[in-house]
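# Analysis of the macromolecular model
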Amino acid sequence: MMLGLALCTLVAGVLPAVAAWVGQLIVDGVVAAMEVQKTTSAPPLAQSLAPVLWLVALEGAVIGLIAMAQRGLDAQKSLLRARLGHRVNVMILQKAGTLSLAQFEDSELYDKLTRARREASTRPLGLVNKTFSLLQNAISLGSFGVLLVQFSPWALLILVAGALPVFVSEAKFSGEAFRLFRWRSPQSRMQMYLETVLAREDSIKEVKLFGLEGLFLQRYRAIFNRLFTEERRLTLRREGWGFALGLLGTLTFYAAYGWVVVETVAGALTLGQMTMYLMVFKQGQSALSASLTAISGMYEDNLYLSNLYEYLEQPVEEEAGTATRGQTPGDGLRFENVSFAYPGGKEVLHGISLHLTPGQSLALVGENGSGKTTLIKLLTRLYSPTAGRIVLDGTDLRDWDAVALRERVGVIFQDFVRYQLPVGENLGVGDTHAFDDEARWKHAARHGMADDFIRDMPEGYHTQLGRWFKNGQELSGGQWQKIALSRAYMRENADILVLDEPTAAMDPAAEAEVFSRFRQHSRDKMTILISHRFSTVRSAEQILVVDAGRIIERGTHAELLAQNGRYAALFRLQARGYQ
Ligand SMILES: Nc1ncnc2c1ncn2[C@@H]1O[C@H](COP(=O)(O)OP(=O)(O)OP(=O)(O)O)[C@@H](O)[C@H]1O
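These numbers come from a predicted model, not from an experiment.

## So, the site of the ligand
The immediate surroundings of the ligand are formed by 14 residues, with Glu105, Gly369, Lys372, Thr373 and Thr374 found nearest. The separation between a nitrogen atom of the ligand and a polar side-chain atom of tyrosine 342 is 3.3 Å. Separating an oxygen atom of the ligand from a backbone N or O atom of glycine 371 is a distance of 2.9 Å. At 4 residues, helix α11 (residues 372–379) tops the list of elements feeding residues into the shell around the ligand. Class assignment of the residues belonging to the shell around the ligand gives a composition of 2 nonpolar, 8 polar and 4 charged.

## Focus: the sheet that holds strand β3 (residues 361–366)
In space, the 6 strands of this open sheet follow the order β6-β7-β8-β3-β9-β10, with mixed pairing throughout. For this open sheet the edge positions go to β6 (409–412) and β10 (550–555), each flanked by a neighbour on one side alone. This sheet shows a mean twist of 15 degrees between the axes of neighbouring strands, independent of strand direction. In terms of strand pairing, strand β9 (residues 542–547) meets β10 through 5 bridges, oriented antiparallel. Note on β10: the bridge partner recorded for isoleucine 543 is glycine 555.

## Structural notes on the packing of helix α16 (residues 477–490) against helix α17 (residues 508–521)
Relative to each other, α16 and α17 sit at 5 degrees, their axes nearing to 12 Å. Relative to α17, the element α16 is oriented roughly parallel. Contact with α16, carried on its side by Lys482, Leu485 and Tyr489, involves Ala510, Val514, Arg517, Phe518 and His521 of α17 and no other residues of that element.

## Brief notes about the pairing of strand β7 (residues 496–500)
Burial within β7 is extensive, with 5 of its 5 residues counted as buried. Judged by which residues are buried, β7 turns out to be covered on both faces: Ile496, Val498 and Asp500 on one side and Leu497 and Leu499 on the other are all buried. Here β6 pairs with β7 via 4 bridges, running parallel. By the bridge assignment for β7, glycine 410 is matched with leucine 497. The sheet contact formed by β7 and strand β8 (residues 526–530) spans 5 bridges and is parallel. Within β8, the residue paired with valine 498 across the bridge is isoleucine 528. The parallel pair β7 and β8, bridged by α17, forms a crossover whose chirality is right-handed.

## Let's talk about the packing of aromatic side chains
Aromatic rings in a pair are described by how distant their centres are and how their planes are angled relative to each other. This structure, assessed with the given rule, holds 16 aromatic pairs. Residues tyrosine 254 and tyrosine 257 carry aromatic rings whose centres are separated by 5.9 Å and whose planes lie at 20 degrees to one another, so their mutual orientation is stacked. In this pair, tyrosine 254 and tyrosine 257 are both assigned in helix α9 (residues 213–265), 3 residues apart and thus about one turn of the helix distant. An aromatic cluster of at least three residues, connected via ring pairs, comprises Phe253, Tyr254, Tyr257 and Phe281.

## Examining the domain arrangement of the protein chain
The domains assigned to the protein chain are domain 1 (2–312) and domain 2 (333–578). Computed over C-alpha atoms, the centres of domain 1 and domain 2 are 57 Å apart. Of the residues lining the interface, 5 residues belong to domain 1; the matching set on domain 2 comes to 8 residues. Across the contact surface, domain 1 and domain 2 share 0 salt bridges. For the pair domain 1 and domain 2, the interface holds 1 residue pair in polar contact (both at pLDDT 80 or more). In terms of residue class, the side of domain 1 that touches domain 2 is built from 2 nonpolar, no polar and 3 charged.

## Describing the packing of helix α2 (residues 45–98) against helix α10 (residues 271–312)
In contact at an axis separation of 10 Å, α2 and α10 are set at 35 degrees when each is read in the N-to-C sense. The segment α2 lies against α10, with Val88, Met91, Ile92, Lys95 and Ala96 engaging Leu308, Tyr311 and Leu312. Among the residues making up the contact of α2 with α10, the classes are represented as 7 nonpolar, no polar and 1 charged.

## Looking at the environment of lysine 377
Examined against the element boundaries, lysine 377 turns out to sit in helix α11. Assessed through its relative accessible area of 18%, lysine 377 is described here as buried. Considering only alpha carbons, one finds lysine 377 and leucine 101, 276 residues apart in sequence, at a separation of 9.7 Å. Beyond its immediate stretch of four places on either side in the chain, lysine 377 contacts Leu101, Tyr342, Leu382, Tyr383 and Phe413.

## Quick notes on the sheet that holds strand β2 (residues 347–356)
With respect to topology, 4 strands assemble into an open sheet ordered β2-β1-β4-β5, the strand pairing being antiparallel. Where the open sheet ends on each side, the last strands, each with one partner, are β2 and β5 (395–396). Note: strand β4 (residues 387–392) against β5, 2 bridges, orientation antiparallel. Each bridged residue has a counterpart across the sheet, and for valine 391 the counterpart in β5 is aspartate 396.

## A word on a nonpolar patch on the surface
Side chains of Leu45, Leu49, Leu53 and Val56 sit close together on the surface and give an oily, nonpolar patch of about 340 Å² of accessible area. Position of leucine 45 among the secondary structure elements: in helix α2. The class of leucine 45 is exposed, set by a relative accessible area of 52%.

## So, the pattern of salt bridges
Scanning the entire structure with this criterion turns up 26 salt bridges. The salt bridge involving glutamate 310 is made with lysine 112; its shortest N-O contact spans 3.7 Å. Taken together, the residues glutamate 310 in helix α10 and lysine 112 in helix α4 (residues 107–120) connect sequence positions 198 residues apart. Accessibility expressed as a relative area gives 30% for glutamate 310, which makes it partly exposed. Its relative accessible area of 16% is what places lysine 112 among the buried residues. Residue aspartate 431 is joined to arginine 440 by a salt bridge in which the shortest nitrogen-to-oxygen separation is 3.0 Å. Connected through salt bridges with shared partners, the residues Arg123, Lys130, Glu170, Arg238, Glu300 and Asp301 form a single ionic network.

Analysis parameters
- Residues numbered from 1 in each chain as written.
- Predicted model: local features only at pLDDT ≥ 70, side-chain atom pairs only at ≥ 80, totals over all residues.
- Heavy atoms only, no water.
- Near = heavy atom within 4 Å.
- Polar contact = N/O pair within 3.5 Å; in protein donor to acceptor, adjacent residues only side chain to side chain.
- Helix = DSSP H or I, 4+ residues; strand = E, 2+ residues; numbered from the N terminus.
- Nonpolar A, V, L, I, M, F, W, Y, C, P; charged D, E, K, R; others polar.
- Pairing = 2+ DSSP bridges.
- Axes fitted to C-alpha atoms, helices over the stretch in contact; angles between N-to-C directions.
- Parallel < 35°, antiparallel > 145°, perpendicular 65-115°, else oblique.
- Contact = heavy atoms within 4.5 Å.
- Buried < 20%, exposed > 50% of the residue type's maximum accessible area, 1.4 Å probe, protein only.
- Right-handed = clockwise from strand over helix to strand, strands pointing away.
- Phe/Tyr/Trp six-rings, centres within 6.5 Å; stacked < 30°, edge-to-face > 60°.
- Domains from an automatic or database assignment.
- Salt bridge = Lys/Arg side-chain N within 4 Å of Asp/Glu carboxyl O.
- Patch = residues over 30% accessible without salt bridge, like charges linked within 9 Å, V, L, I, M, F, W, Y side chains within 5 Å.
- Areas by Shrake-Rupley, 256 points an atom, 1.4 Å probe, with all protein chains shown as cover.

Here it is in structure tokens:
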């Protein structure tokens, strides 16, 4: 493809000069033929016409070739655009996959990612296109130069002098445009966010009911107006200067025009040469300004690409661990004096210690924001403790091989993802090895109590979920939770199962059933359950009460009731509600 591009560029670059030269031959040929026809001993008309007509045909052929090369260039460029855009997008997404959760939550990095994505498909291609356009125009310019120098080297100089000021101002404004783009990037992100809220099915319900359209749209407009003021200022200045300095180009053209006319009338140039020089000067001017525009455009593209490089070169945490087995298999999971603060935040977990042996069940209870989910994020190594350590089978989590660890832990978070995919694949994501395995989907769905309603769906396990795609079905909150639960059952090899509020949206009968199945299924596994419902928590072998990042009570349900502390108080409160 690159070879084709280079060839077409060469042809499209050289031929315009050839066309101008043939044009000169034609005019001179015509003038000569007319002279001959005026004499008394004129040969037959056809004889004088033939050479000129051949030249006309040649000119036609050259123009045809230029058109062909130009088309060839366009076709190859648009294919390149598709491929290059895709390649860059894949690079961006691949990189996103290696970033840690903490990096994702860092707004500055997120900003880089969004900016990179927004410019991804256009800038790299722009750079390639401009390189070829520069090459093509430089070749044209070179060949025009060869012709023009024969008239006068001064003409060449005038040509260059006329174009330079526009170039300098363009380069300056490119830099300014880029700085503006960077400056407004947080606001643009807010705009994108508002667009999402106003136009996506998952938020539109609330937006409508609360009547937020006007409010959000107003905010959207306000951001636009603020950004637009800056943009208008820059555009007006850019175009104003472009026009004023561009006039210089027109001026030099007409000066050269006058000069060529004078020379022709004085007899130094033939009519054909005059036509050729005018054409060469005109086209040379546009080739030169196209080259210079390409250079300043390349500079601008490079500025934007620097943002892409910055993002791609973002250091990622090394996954240094290699252990696939623990030092003391069967020891289970230990938190040893673990404390944690989110990056840039204050400490949210303080000195947490716990021990969970294989086959044991643990429940975490505590107020909103007490740190339960955070504890699970540490266990799954989405974050690392700021102090203390977490040990699985005698080996620090940090020393575990990432894949081996992932295989052992199955987690369903409160805010599990509702994939806009067929229902079967929504289960399959629970185990990438069995992503397409229908038998495993069904097995998991039976455990998670999702099998019944899935079979009633129009296309069973192949029914599309969500509203983004054709025939997508929406599920109820409880049904979604059953899907999430089944997803956890897909992880057959995991021996640590974590459910973070898995049944909040289920009806009581379903919830009771879910837990009796869960216990049966996970007899030999370690289970951690987070719930605000004491009916689900009470049967756990170990219950931890978390308060403001500390474990304040621990024991079985009976022990905790006997202690008559926070747990007992909360339990009675909830029990009273049911009486
Ligand atoms: N990504 C985050 N970055 C910074 N702080 C966070 C983040 N996630 C949670 N926090 C803070 O950490 C604390 C504990 O949050 P966590 O989600 O662990 O609570 P929780 O006990 O699971 O609450 P809930 O019962 O509401 O689910 C809260 O004060 C919260 O503001």
